[in-house]
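If you want the building blocks of each chain, they are given just below.
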Number of protein chains: 2
Amino acid sequence: MADNNKKMVEDITSMEEDFAKWYTDIVKKAELIEYTSVKGCMVIRPYGYAIWENMQKILDGMFKDSGHENVCMPMFIPESLLQKEKDHVEGFAPEVAWVTHGGSEKLEERLCVRPTSETLFCEHYANIVHSWRDLPKLYNQWVSVVRWEKTTRPFLRSREFLWQEGHTIHATAEQADEETIKMLNIYAEFCEKYLAMPVVKGRKTDSDKFAGAVATYAIEALMHDGKALQAGTSHYFGDGFAKAFGIQYTSKENKLEYPHQTSWGVSTRLIGGIIMTHGDDNGLVLPPAVAPIQAVILPIAQHKPGVLDKAYEVRDILKAAGIRVKVDDSDQSAGWKFSEYEMKGVPVRIELGPRDIENGQCVLVSRHNREKSFAQLDDIVAAVQAKLTEVHDGLYQKALANREKRTYRVKAMDEIVPLLEQKGDGLVYAMWCGEEECEDKVKEQTGVGSRCIPFEQEELSDVCVCCGKPAKHMVCWGKAY
Amino acid sequence: MADNNKKMVEDITSMEEDFAKWYTDIVKKAELIEYTSVKGCMVIRPYGYAIWENMQKILDGMFKDSGHENVCMPMFIPESLLQKEKDHVEGFAPEVAWVTHGGSEKLEERLCVRPTSETLFCEHYANIVHSWRDLPKLYNQWVSVVRWEKTTRPFLRSREFLWQEGHTIHATAEQADEETIKMLNIYAEFCEKYLAMPVVKGRKTDSDKFAGAVATYAIEALMHDGKALQAGTSHYFGDGFAKAFGIQYTSKENKLEYPHQTSWGVSTRLIGGIIMTHGDDNGLVLPPAVAPIQAVILPIAQHKPGVLDKAYEVRDILKAAGIRVKVDDSDQSAGWKFSEYEMKGVPVRIELGPRDIENGQCVLVSRHNREKSFAQLDDIVAAVQAKLTEVHDGLYQKALANREKRTYRVKAMDEIVPLLEQKGDGLVYAMWCGEEECEDKVKEQTGVGSRCIPFEQEELSDVCVCCGKPAKHMVCWGKAY
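Definitions and cut-offs
- Residues numbered from 1 in each chain as written.
- Chains lettered and ligands numbered in written order.
- Predicted model: local features only at pLDDT ≥ 70, side-chain atom pairs only at ≥ 80, totals over all residues.
- Heavy atoms only, no water.
- Helix = DSSP H or I, 4+ residues; strand = E, 2+ residues; numbered from the N terminus.
- Rg over C-alpha atoms; globule rule 2.2 N^0.38 Å.
- Buried < 20%, exposed > 50% of the residue type's maximum accessible area, 1.4 Å probe, protein only.
- Contact = heavy atoms within 4.5 Å.
- Areas by Shrake-Rupley, 256 points an atom, 1.4 Å probe, with all protein chains shown as cover.
- Lys, Arg positive; Asp, Glu negative; His and termini not counted.
- Charge placed at Lys NZ, Arg CZ, Asp CG, Glu CD.
- Phe/Tyr/Trp six-rings, centres within 6.5 Å; stacked < 30°, edge-to-face > 60°.
- Lys NZ or Arg CZ within 6 Å of the ring centre and 35° of its normal.
- Least-squares fit on C-alpha atoms with pLDDT ≥ 70 in both.
- Axes fitted to C-alpha atoms, helices over the stretch in contact; angles between N-to-C directions.
- Parallel < 35°, antiparallel > 145°, perpendicular 65-115°, else oblique.
- Left-handed = near helix turned anticlockwise from the far one by under 90°.
- Nonpolar A, V, L, I, M, F, W, Y, C, P; charged D, E, K, R; others polar.
- Pairing = 2+ DSSP bridges.
- Patch = residues over 30% accessible without salt bridge, like charges linked within 9 Å, V, L, I, M, F, W, Y side chains within 5 Å.
- Salt bridge = Lys/Arg side-chain N within 4 Å of Asp/Glu carboxyl O.
- Polar contact = N/O pair within 3.5 Å; in protein donor to acceptor, adjacent residues only side chain to side chain.
- Disulfide = S-S within 2.5 Å.
- Buried area = accessible area lost by both parts, 1.4 Å probe.

1. Some points on the overall build of chain A
For chain A, the count of helices and strands is 14 helices and 23 strands. Taking 2.2 N^0.38 as the reference for a compact globule, 481 residues should give roughly 23 Å; the C-alpha atoms of chain A span a radius of gyration of 25 Å, in line with that estimate. Along the longest, intermediate and shortest principal axes, the C-alpha atoms of chain A span 80 × 55 × 50 Å. The proportion of buried residues among the 481 residues of chain A is 61%. For chain A, the proportion of contacts with a sequence separation of at least 24, taken over those separated by at least 6, is 68%. When the accessible area of chain A is evaluated, it comes to approximately 19,000 Å², of which 47% is carbon and sulfur surface. Side chains of chain A carry 59 positive and 73 negative charges; the gap between the two charge centres is 2 Å.

2. Quick word on the packing of aromatic side chains
Geometrically, a pair of aromatic rings is defined through the distance of the ring centres and the angle of the planes. Enumeration according to the criterion identifies 32 aromatic pairs over all chains in this entry. Both rings, one in Y187(B) and one in W264(B), keep their centres 6.3 Å apart while their planes meet at 65°; by these two values the pair is edge-to-face. Within this pair, whereas Y187(B) is found in helix α6 (residues 173–193), its partner W264(B) is found in strand β14 (residues 260–267), the two being separated by 77 residues in sequence. On the basis of relative accessible area, W264(B) is assigned to the buried category, the value being 1%. Through a chain of ring-to-ring contacts, three or more aromatic side chains come together here, namely W52(A), F63(A), W142(A), Y187(A) and W264(A). The residue whose ring lies beneath K252(A) is W132(A), and the NZ or CZ to ring-centre distance is 4.7 Å.

3. Thoughts on the relation of the copies chain A and chain B
Once chain A has been moved 0.0 Å along the axis and rotated by 180°, it coincides with chain B to within an RMSD of 0.0 Å. Taken together, the rotation and translation relating the two chain copies correspond to the operation of a two-fold axis. Every residue of chain A has its C-alpha some distance from the rotation axis, and the shortest such distance is that of V99(A), at 2.1 Å. A symmetric contact is evident, with 100% of the interface residues of chain A recurring at the interface of chain B.

4. Some details on the packing of helix α9 (residues 307–320) of chain B against helix α12 (residues 380–405) of chain B
Residues and elements named next belong to chain B. Running from amino to carboxyl end, α9 crosses α12 at an angle of 65°, the nearest separation of the two axes being 9 Å. Judged by the inter-axis angle, α9 sits roughly perpendicular to α12. Two packed elements cross with a definite hand, and for α9 against α12 that hand is right-handed. The segment α9 lies against α12, with V314, I317 and L318 engaging I380, V381 and V384. For the contact of α9 with α12, a count of residues per class yields six nonpolar, no polar and no charged.

5. Some words on the sheet that holds β14(B)
All names here are of chain B. Across the sheet, which stays open at both edges, the 11 strands sit in the order β3-β7-β8-β14-β11-β10-β9-β22-β23-β21-β20 with mixed pairing between neighbours. The sheet terminates laterally at β3 (69–70) and β20 (407–409), the two strands that pair on one side only. Note: β3 against strand β7 (residues 137–146), two bridges, orientation parallel. Paired with N70 across the strands is N140, a residue of β7. Where helix α2 (residues 46–65) meets the sheet, its contacts fall on β3, β7, β8 (160–170) and β14, and the angle it forms with β7 comes to roughly 165°. Together, β10 (215–222), β11 (228–238) and β14 form the strand contacts of helix α8 (residues 269–278), whose direction differs from that of β11 by roughly 145°.

6. Remarks on a negative patch on the surface
Together, D206(A), E435(A), E436(A), E437(A), D440(A) and E444(A) make up a region of like negative charge exposed at the surface. Look at E435(A) and you get partly exposed, because its relative accessible area is 48%.

7. Brief notes about the side chain of Q141(A)
Residues and elements named next belong to chain A. The topology assignment puts Q141 in strand β7 (residues 137–146). Within the local environment of Q141, its side chain forms a polar contact with the side chain of S117, the two groups lying 3.2 Å apart. Residues within four places of Q141 in sequence aside, it is in contact with V71, C72, M73, R114, S117, F121, W163, Q164 and E165.

8. Overview of the packing of helix α1 (residues 19–29) of chain B against α8(B)
Two numbers describe a pair of packed helices, the interaxial angle and the distance between the axes. Residue and element names in this part refer to chain B. Taken N-terminus to C-terminus, the directions of α1 and α8 make an angle of 120°; their axes are 11 Å apart at the nearest point. Classified by the angle their axes make, α1 and α8 are oblique. For the element pair α1 and α8, the recorded crossing hand is right-handed. Side by side, α1 and α8 meet where F19, W22, Y23, I26 and V27 of the first sit next to G272, I275 and M276 of the second. Residues of the contact of α1 with α8, tallied by class, amount to seven nonpolar, one polar and no charged.

9. Details of the state of the cysteines
Tallied over the full model, the rule gives zero disulfides over all chains. You can see C464(A) has no disulfide; the closest cysteine sulfur is in C467(A), sitting 3.8 Å from it. Exposure remark for C464(A): the relative accessible area of 4% places this residue in the buried category. Left unpaired, C433(B) is separated from the closest cysteine sulfur, that of C438(B), by 3.6 Å.

10. Some thoughts on α1(B)
Residue and element names in this part refer to chain B. Among the residues making up α1, those that are buried are F19, W22, Y23, D25, I26 and V27. Its buried side turned inward, α1 meets β1 (33–35) and α8. Of the residues that open α1, the one with a side-chain oxygen 3.2 Å from the backbone nitrogen of A20 is D18. Phi for E31, located one or two positions after α1, is positive at around 60°.

11. What to know about the interface of chain A and chain B
With 58 residues of chain A at the interface, the matching set in chain B holds 58 residues. Here chain A meets chain B over a buried area of about 4,700 Å², counting both sides, of which 56% is carbon and sulfur. Our count for the contact surface shared by chain A and chain B stands at six salt bridges. R133(B) is the partner of D331(A) in a salt bridge, and the nearest nitrogen-oxygen pair spans 3.6 Å. At the boundary of chain A and chain B, one finds 19 residue pairs in polar contact (both at pLDDT 80 or more).

12. What about helix α5 (residues 118–128) of chain A?
Counting buried residues along α5(A), nine of its 11 residues qualify, which places the element largely inside the surrounding structure. For α5(A), the set of buried residues is E118(A), T119(A), L120(A), F121(A), C122(A), E123(A), H124(A), Y125(A) and I128(A).

13. Remarks on the sheet that holds strand β4 (residues 76–78) of chain A
Strand order in the open sheet made by the six strands is β4(A)-β6(A)-β5(A)-β5(B)-β6(B)-β4(B), with antiparallel pairing throughout. Each edge of the sheet is formed by a strand with only one pairing partner; in this case those strands are β4 of chain A together with β4 (76–78) of chain B. Adjacent strand axes in the sheet meet at a mean angle of 45° when their direction is disregarded.

14. Details of the environment of G212(A)
One can find G212(A) in the loop between β9 (199–203) and β10 (215–222). The spacing of G212(A) and F237(A) is 25 residues in sequence and 6.9 Å in space, taken between C-alpha atoms.

15. A few points about the pairing of strand β19 (residues 372–376) of chain A
All names here are of chain A. Looking at chain direction, strand β18 (residues 361–366) and β19 are connected through five bridges and run antiparallel. Along β19, the bridge assignment pairs V363 with F374. Joining the antiparallel neighbours β18 and β19 is a turn of five residues, in which R370 adopts a positive phi near 60°.

16. A word on the pattern of salt bridges
One pass over the full model with this rule turns up 56 salt bridges over all chains. For E53(A), the salt bridge identified is with K64(B), shortest N-O distance 3.2 Å. In this pair, E53(A) is assigned in helix α2 (residues 46–65) and K64(B) in helix α2, connecting two distinct chains. Judged by its relative accessible area of 18%, E53(A) is buried.

17. Quick word on unusual backbone geometry
Residue and element names in this part refer to chain A. Cis geometry is found at the peptide bond from L135 to P136, where omega equals -10°. As for its placement among the helices and strands, P136 is situated in the loop between α5 and β7. At R370, a position not held by glycine, the phi torsion is positive, near 60°. In this structure, R370 sits in the loop between β18 and β19.

18. Regarding the environment of E95(A)
Tracing the backbone through its elements, the reader meets E95(A) in the loop between α4 (86–92) and β5 (97–102). Note: C-alpha distance between E95(A) and V146(A) (51 residues apart in sequence) is 8.4 Å. Those residues in contact with E95(A) that sit more than four places away from it in its chain are V146(A), R147(A), W148(A), E149(A) and G103(B).

Following this line, the structure appears as structure tokens:
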């Protein structure tokens, strides 16, 4: 038993002391990941992978319900294929991993390991799209991609990461544009309804667009430390890729036309997002919808007759109701178990001892605020379900309150630095003229970059926060992961 | 519409004429895959991927029910890590793809794209296994792997393929051995119960073992053309990998011990297996358990009032009962639709016309034998479920009959060639002394290689079919994919 005690909470760095260290402590101690000998490549351990599986299941259902189909493209892109769309290759070539040999033979052409798969989908669409009858294609794939980053952090920026990438192709620009926004809305709904993570929806400025896109939309979430996390993106390509790859279709009117495309993706980065949105100094706090264990039953004085039997009975009842539940009947101490499941972020703890059983009740404890309540054992399913809803709502409200507290509206650039110093990092809402020069200047002089142009615009003033010329948009600025 | 007519059945090569061509016709025309510009790397299209998703869902459930957890390892293996186990590197190094550059920089050490992940799991186990309390670890992952094959065929032998690889580590040799056999049995159950594909379970001869294994077990299925397909393998490693990677644990008795390991896998090769087991000259024939569409409703004279409404009503009833069902209400001709869904291998066709509706009935047609029957619309769920069971059983019996017809028991080597010439390729059961020399000689002189030493042994004679010395085992020989 002694070797397990190293997991006690004393070992976590506090968030206030060092947020970055707190984060890496959690990913290791909650057993989400383990490092490997290749920098930026990690093992996603069972508990971490189960969170991803739960995310996948929900998202995959949302994609399929909205008419999308899964496919699987190869992982290799020939160098010549990557180069077909000029902006795209410029954006990605500096950070791809190159395969040069197969066995002992040098390849005739280098292959890169996909950093994203637009080029592969375009090659495929050129093969299978010929008539208006072939459109739209609403495809998605669940794969890993590789980007050879210099600095890496588990989930947030790793050289290999898991994601889904949707790639759709449509007859008209309107349909493609509609798809781009539809998927952004699905991502926002997923983050808010299942991850309890409020997001700002908006459009990226031109300097921050995806390589090859006409427009990039994003959802931005605010982390506990006041930094922003780009949680998902959706790109509208117009017919740029179609022209570069020679994808054409015959319309109903028998004319040869270029189709319009989109792509959109979210990744295991979302796991980093939920850690930094909900976690605390006792460890992970998981939103119930994606928690591998939603409720853990801790039998108190489990050696006493009837305790374990009752615990198993309650487990079976909850399980039958579709709740992911576990009994920890190990010989660890109650204190160890409390710490362990707090560290693992299990939303609800159920304490069940001899006295409770006598009274036909048990104790429910919410992970996020440690509030205790009694529940009747003969109504346990409804009680746990209500508690899970309460935890989800509590997490969402807490995250929203943090974001609101840390959202600052400013009219002049020189307000920004003092505000952040006084109140801490956060989202800065300010007007912008639309010129890249001003965007760069704000970043240089205040440290906050443009995160997005929120769909929900406010007229904070009519002039640019930087140059004083007429403002075009309100921009959401922030420091970012 | 005209451009779709190329899908008509006339276009498929017949099995008798050219089985290999028939196979590639089907994978293309049933829209399972599309080729890419990289040899041996294919796009798995929605219909093909949906088959794989159904397989995954069933297998993943079987793995989890037997206590396994999913994880995800990186795709890259440093050259030095691959080299740690001598036999393993010898087996795989000649066929791996090497990454030598990240962006524009040459890597300090080459990385191979995983051909299989024993070395990565071992590195991880060395990090996380310390005490008997940490054992066993029963891990699995769903990923793609790369093997730089010279000759490639969709699903059967591609340079990249999707699979699952289980990797487990146990305190004792007995437990690891038990796991190896348990997983082989799960594979066999999956093939027979869900893919309607009978298999022979057995042990590989030493010359055919997995690189680094103490023993390799396999399931072998017989394809329609009489060739064998290795459909799944399960390997027992003993403590060889543990020793090579320095994985040790402290036992209950406080002694330092080496743990014992296994690995096991099945891949998208199984899709090739079901094509070649059940397919016919009209196209694919899918076992109901993994068919993306289990029943297709074809409305007859759909322009007549009430026909489409009834079709949608029947669809909704079947869907609610958990049956994967589709209505084809397109403006294609009935003939086109019949061909299309035969090509796609949909197990049950439901024909529904005005006269049927008047009589409160519809026509059910089984894909595999084209048998028609009437079903009452007010009992449609039970009728379709019964038909699906009937199709599964029919497929299994047909495949089993083909295998039995093509299983030959011989006592002398010179019987083999004339037998295969007269009756066609198949499985040859014959005794073997256990010497590699005889194994090689049988292969050279008759063209059939050792597939496995079946668990169900028969005493066909007491001497080796090749050298005449005392026999040790009955071997199942055959030509293989």
